[in-house]
Amino acid sequence: MFEIFDADEPKVTVIDGGHILVESIPSQQKTKLETLRFDPINGTMSVDTPYLDFTSSSSEKILQHFVYYGIVGCIDFGFAKHIFLATKRELVTTSDKAVLSIWKLKDVISIPIFRRQLSLTLDEEEFESVTLRDLKKQFTLGDLYFSSDMDLTNGLQYMAQQIVGESQIFPKKVNFEDMDDRFFWNKYMLKPLMDTKYHSFIVPLIFGYVGSINLTLDGPPATLVIMSRVSRYRAGKRYWVRGVDQSGNVAIEVETDMLAITPGKTASFRILRGSVPLIWNQQSVGLFRTPSINLDKIFSDESLAGMELHFERLLNTYGGQVHVVDMLNRNSKGSDTAALSLGYEEALRSWNHPDIKYHKLESIENSQTAADFASSVAEIITQQGFFLCTNKTRNQQIKVLRIQQGIIRINNLDCTDEASISQSIVAREALKMMLIELGCWYPNRTALDQTYAIKLRQIWADMADSLSFYYVGTRMLHQYYIKKTWFLRFFGPFIDSLTHISRLYMSHFQLYLEHDSIDFFMGIPPQNQVSIPSQIMLRRRLIFVDISQRWLLALILILKRFTAPRQIRNWIQFILAIYWMIIYWILVNVFRVDKSFFVRKPKSLVNIDSLPDLSGGPRHGIAIYMEKLEKKDREKTDNSKKRPVQIYVETNGPRFSTSMIKSAGPLVENNRQGR
C-alpha cells in the first residue's frame, strides 16, 4: 500500500539494497520524465530515460517513497556522501493567474547515498552527525527561497531582455548558464551535480527575503513583490567580514528588487547595499566596548584596486551611473567611523570616475533630512528610470518599453538599520512612479490607502529584520522609522535598548559559530584544513582548550556550550544571554580569566599554532578524570585485539570523547586500530 501523491509532484524512492531513485522536477524536464539513480556501492550517479517506476514493481521492496521539491545540496565526507532534498515549502508570493510563484524553503532531509564502510570510527561518526545537523540548520533558517517560474538570482530586466518576443516573461525553466553567480547561494553545495544532465533534479536557492501584497488602487490590480538577494561572495557575520577583497567583492552585498505586476505590464526597480569597498576590519576584542576600526590599509594599492574593481563591476552590471549614498556617522569628530567615511569620500574623489556620484547622507531619523533625501532620490530615479515591459497577450509578444540605467548603492557601518530605513524611502518613491506608469495610481492621488501602506511597511520591516538577523544576529534597530506605529513611537527606545544588549551578546558569544557554518556551506576550509581528517583534528583541538582547564573553569565552559542561547528570539533566551554576560564579567574582571575563553574567533581566524598539542602537556580537571575512566576500561580488555574504549560525556549538544584529550596519533592509525 503506497501513499497517494499528486501526479505532478516529483518523488523520491528508496528501494531495498540502498538504491535511491529521484524523479526529475516537472518544470525543469528536458523532454520527458527522468530518473536519477544513486548507487550505494560505489557512490556513482546515473540518469535513466525513460523514467523507471519502481513503485509498481513486485521484485523490488520499497523502503521509502515521498514527495520532494528538488535537490538543494550534496556533501562528500570521503567516507560517506549525503544529498539534501527539499521536502517542505511555503508559498510566499503568487501573481495574477499564477504566472509567478516563489517558495520559501521550510525543511530538508539528508539521505546517505554512499558509505565507504559499514563501521566508521567514532570521530568520523561524530563529525558526520554534527556537520549534517549544522547544514540542515543552514537550509532551514527561513531565509532561503526558490522558484520554478523564474531565475531568482537575476533581476527582471536582465531576464526580459534575454527573452524578448517569447511567449511569457517568466520562463518555466531556469537556465543555469545565465544565473548571477553572486546570488546562487547553494552553488557550492550543488557542485557535484552542476553537470547539465543533472539540472532537471536540482534547485538553485537565493538567501534573503521575499514578500508580496496585492494592490487595487485607481486602475488595474497589481501584485507588488519585494525581493532581496544576499551575495555569497564574502558571506559572513558582523565584525568577522568587512570591506572589500582584492577581487572587488564586498561584505553584506544585498540587491533589493521591487516588482509591480499587472495583467498588462510589469515594472521593476533595483537598489543595492554593501559594505564600504575599502580594505578595513573591526574584529571583536571585548564584550563591553565597541571594537576599534583598523584603517591601516584603506589607502593601500590593494584596497584602492579592490574598490575600483567593485565599482567597475557595478557599472558593467547595471549600466548608467552608480549613485553612492554614504550614511556613516561623522558627528563624532576623530572617531573611527568618521575617519572611514572621510577616507571613503577621499578615495572616490581621487579616482574621479565620471559615472560614480558620491552623496553624504546624515541621520535619516530627522524628518527634514528624510524629506530632503526623498526629494533628491526622486530626481535620481527620474534620471535612472525603471524597467517596464508588456506581458504576453493574444495580440502581442513581450516588448521592453523602458530600462533602468544605473543603481543607487547605500552603505552605513553594518548596512542594516539605517540602510534599510533609507532604502524604504527610495522604494516608496520608485513605487509611486511605477504605479503611475502602470495606470494603477492616478495623478490626483497623494499616497497609498492606509491599509496598503501598513502592509507595505510591514513587508519592508520584515525584510530589514531578516537581513539584520543574518549579519548581526538580531532584529533591526529603529523600527519606528519604517512601521510608524504609535506603539513603537513610545516604546521604540526601550525595545532598541534590549536589541543593543542582544547584539552585544550575539556579536561576542555566538556569531563566530554561525560564521563557521556559513564558511563550511560555502566551501571555505578553516585555516586551509581542506581534508576531512584535518578538520576533525582541528575540532578536537578546539574542544580540548575547554575541557583541559581546571575543574571549575572547565565545567563553566562546557555548561556554556549547552545553555548559552545560539540566538535570541524570546524572553527565555534573552534572560540566559544576560546570565552569561554577567558570568563573563565576573570571571574576566574578578578572577582574571582570559577573555578569549568566551569571546571566540571563527576557525578561519584562529591561530592554530596557539592551540594546545594533543600529544602532550599538562592535564587538568575533566581531562584527568576522563583519562582515568578510559584507563580503567582498558584494563578489562585485550589491547592487542580490541579497540580502546572511548568514554563520552553525553549531552544535548556535541559529544566529547577521550580521544579529544588523549595522546592522538594519525587518524589513519586510529582507523586501523578501530578495525
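One can find the structure itself at the top, above this paragraph.
Reading guide: rules and limits
- Residues numbered from 1 in each chain as written.
- Predicted model: local features only at pLDDT ≥ 70, side-chain atom pairs only at ≥ 80, totals over all residues.
- Heavy atoms only, no water.
- Helix = DSSP H or I, 4+ residues; strand = E, 2+ residues; numbered from the N terminus.
- Buried < 20%, exposed > 50% of the residue type's maximum accessible area, 1.4 Å probe, protein only.
- Salt bridge = Lys/Arg side-chain N within 4 Å of Asp/Glu carboxyl O.
- Axes fitted to C-alpha atoms, helices over the stretch in contact; angles between N-to-C directions.
- Parallel < 35°, antiparallel > 145°, perpendicular 65-115°, else oblique.
- Contact = heavy atoms within 4.5 Å.
- Nonpolar A, V, L, I, M, F, W, Y, C, P; charged D, E, K, R; others polar.
- Phe/Tyr/Trp six-rings, centres within 6.5 Å; stacked < 30°, edge-to-face > 60°.
- Lys NZ or Arg CZ within 6 Å of the ring centre and 35° of its normal.
- Core = buried A, V, L, I, M, F, W, Y, C linked by side-chain atoms within 4.5 Å.
- Expected span 1.5 Å × (residues − 1).
- Pairing = 2+ DSSP bridges.
- Left-handed = near helix turned anticlockwise from the far one by under 90°.
- Bend = angle between axes of the 7 residues up to and from the residue.
- Polar contact = N/O pair within 3.5 Å; in protein donor to acceptor, adjacent residues only side chain to side chain.

Enquirer: Before we go on, may I ask you to explain the overall build of the chain in this structure?
Expert: Helix and strand counts for the chain stand at 14 helices and 20 strands. In the chain, which comprises 675 residues, the share counted as buried stands at 55%.

Enquirer: Sorry if this is basic, but what is going on with the pattern of salt bridges here?
Expert: Any two side chains of opposite charge can pair, on the condition that their charged atoms come close. Scanning the model with the defined rule gives 29 salt bridges in all. A salt bridge links Arg445 to Asp449, with the shortest nitrogen-to-oxygen separation between them at 2.8 Å. Owing to a relative accessible area of 15%, Arg445 belongs among the buried residues under this scheme. Through salt bridges that share partners, Asp180, Arg182, Arg229, Glu253, Glu255, Asp257, Arg270 and Arg313 make up one connected network.

Enquirer: I tried to follow the packing of helix H10 (residues 532-547) against helix H11 (residues 551-563) on my own but got confused; where do I start?
Expert: Packed helices, taken two at a time, are described by their axes: the angle between them and the distance between them. Relative to each other, H10 and H11 sit at 125°, their axes nearing to 7 Å. Taken as axis vectors, H10 and H11 run oblique relative to one another. Two secondary-structure elements touch here, H10 through Leu542, Ile543, Asp546 and Ile547 and H11 through Ala554, Leu557, Ile558 and Arg561. Looking at the contact of H10 with H11 residue by residue, the classes come out as six nonpolar, no polar and two charged.

Enquirer: Got a minute to help me understand the packing of aromatic side chains in this structure?
Expert: The description of two aromatic rings rests on the distance between their centres and on the angle between their planes. Inspection of the entire model under this criterion finds 20 aromatic pairs. For the ring pair Trp486 and Phe487, a centre distance of 6.2 Å and an interplane angle of 85° mean the geometry is edge-to-face. Trp486 gets classed as exposed once you look at its relative accessible area, which sits at 61%. Between Phe509 and Phe598, the aromatic rings sit 6.4 Å apart at their centres with planes inclined by 45°, giving tilted as the arrangement. Linking Phe509 in helix H9 (residues 486-521) with Phe598 in the loop between helix H12 (571-589) and helix H13 (621-634), this pair joins segments that are 89 residues apart in sequence. Sitting over the ring of Phe114, Lys81 keeps its end group 5.9 Å from the ring centre. Directly above the ring of Phe509 sits Lys560, whose terminal nitrogen or CZ lies 5.7 Å from the centroid.

Enquirer: Looking at this structure, I do not really get the nonpolar core. What am I missing?
Expert: Note that soluble globular proteins tend to have their nonpolar side chains buried in a common cluster. The biggest cluster of nonpolar side chains holds 129 residues, and the ones touching the most others in it are Ile71 and Phe139. The greatest single-element share of this core, amounting to twelve residues, is contributed by helix H7 (residues 450-472). Other than its neighbours up to four places away in sequence, Ile71 contacts Val22, Leu36, Phe38, Phe84, Leu85, Leu190, Leu193, Phe201, Ile202 and Val203. In this structure, Leu287, Phe509, Ile568 and Phe597 belong to the second largest nonpolar core, which totals 31 residues.

Enquirer: Which parts of the structure should I look at to understand helix H4 (residues 336-351)?
Expert: For H4, which comprises 16 residues, the first-to-last C-alpha distance of 22 Å matches the rise-based estimate of 22 Å (1.5 Å per residue) to within 8%. The set of residues buried in H4 consists of Thr337, Ala338, Leu340, Ser341, Gly343, Tyr344, Glu345, Ala347, Leu348 and Trp351. The secondary structure elements touched by the buried residues of H4 are helix H3 (301-318), strand S14 (321-326), strand S15 (356-360) and strand S18 (406-411). Following H4 by one or two positions, Asn352 adopts a phi angle in the positive range, close to 60°.

Enquirer: Would you mind showing me how to read the sheet that holds strand S2 (residues 20-23) here?
Expert: Sheet strands line up and pair through hydrogen bonds in the backbone, either parallel or antiparallel. Spatial ordering of the open sheet is given by S4-S3-S2-S1-S5, a layout of five strands whose pairing is antiparallel. The outermost strands of the open sheet, each flanked by one partner alone, are strand S4 (45-48) and strand S5 (62-67). When the angles between neighbouring strand axes are averaged without regard to direction, this sheet yields 20°. Bridging between S2 and strand S3 (residues 35-38) involves four bridges; their strand directions are antiparallel. In the sheet register, Leu21 faces S3, and the bridge partner there is Arg37.

Enquirer: How should the packing of H9 against H12 be read in this particular structure?
Expert: The interhelical angle for the contact between H9 and H12, taken along N-to-C directions, is 60°, at an axis separation of 10 Å. Between H9 and H12, the angle is such that the two are oblique. For the pair H9 and H12, the sense of crossing is left-handed. Where H9 approaches H12, its residues Leu498, Ile501, Ser502, Leu504, Tyr505 and Phe509 are matched on the opposing element by Trp571, Phe574, Ala577, Ile578, Trp580, Met581 and Tyr584. Tallied by class, the residues present in the contact of H9 with H12 amount to twelve nonpolar, one polar and no charged.

Enquirer: Hey, could you run me through H9 in this one?
Expert: Because an α-helix completes one turn every 3.6 residues, residues spaced three or four positions apart along the sequence face the same direction. Taking 1.5 Å as the rise per residue, H9 with 36 residues should run 52 Å; its terminal C-alpha atoms sit only 41 Å apart, a clear shortfall. Along H9, the sharpest change in direction is near 60° and occurs at Gly492; proline Pro493 comes one to four residues later. Phi turns positive one or two residues past the end of H9, at Gly523, with a value near 80°.

Enquirer: For this particular structure, what's the right way to read the side chain of Arg445?
Expert: Turning to its location among the elements, Arg445 is positioned in the loop between helix H6 (417-438) and H7. Contact partners of Arg445, with chain neighbours within four places excluded, come to Leu217 and Asp218.

Enquirer: Just checking my understanding: could you explain the pairing of strand S7 (residues 80-94) for this structure?
Expert: Sheet faces and side chains relate simply in a regular strand, where the side chains alternate between the two faces. The pairing of strand S6 (residues 71-76) with S7 spans five bridges and is classified as antiparallel. Residue Asp76 lies in a different strand from S7, and its bridge partner there is Lys81. In this structure, the hairpin formed by S6 and S7 is closed by a connection of three residues, where Gly78 is found at a positive phi of approximately 90°. The pairing of S7 with strand S8 (residues 101-115) spans 13 bridges and is classified as antiparallel. Bridging across to S8, Ile83 finds its partner in Ile111.

Enquirer: Before we go on, may I ask you to explain the environment of Trp580 in this structure?
Expert: Mapped onto the fold, Trp580 is located in helix H12. The class for Trp580 is buried, based on a relative accessible area of 2%. Remark: the alpha-carbon pair of Trp580 and Phe509, spanning 71 residues in sequence, is separated by 9.2 Å. Leaving out residues up to four positions away in the same chain, Trp580 has contacts with Tyr505, Phe509, Ile556, Leu559, Lys560, Thr563, Ala564 and Phe598. Polar contacts involving the side chain of Trp580 include one to the side chain of Thr563, which spans 3.1 Å.

Enquirer: How should the side chain of Ser468 be read in this particular structure?
Expert: Within the secondary structure, Ser468 sits in helix H7. Within the local environment of Ser468, its side chain forms a polar contact with the backbone oxygen of Arg475, the two atoms lying 3.4 Å apart. Ignoring anything within four residues of it in the chain, the contact list for Ser468 reads Thr416, Asp417, Gly473, Thr474, Arg475, Met476 and Arg503.

Enquirer: Hey, could you run me through unusual backbone geometry in this one?
Expert: One can expect most non-glycine residues to show negative phi and most peptide bonds to be in trans. Even without glycine at this site, Arg234 takes up a positive phi of about 55°. Residue position: Arg234 is located in the loop between strand S11 (222-230) and strand S12 (254-261). The phi dihedral of Tyr239 falls on the positive side, at around 75°, and the residue is not glycine. Take Tyr239: it is sitting in the loop between S11 and S12. Its relative accessible area of 6% is what places Tyr239 among the buried residues.

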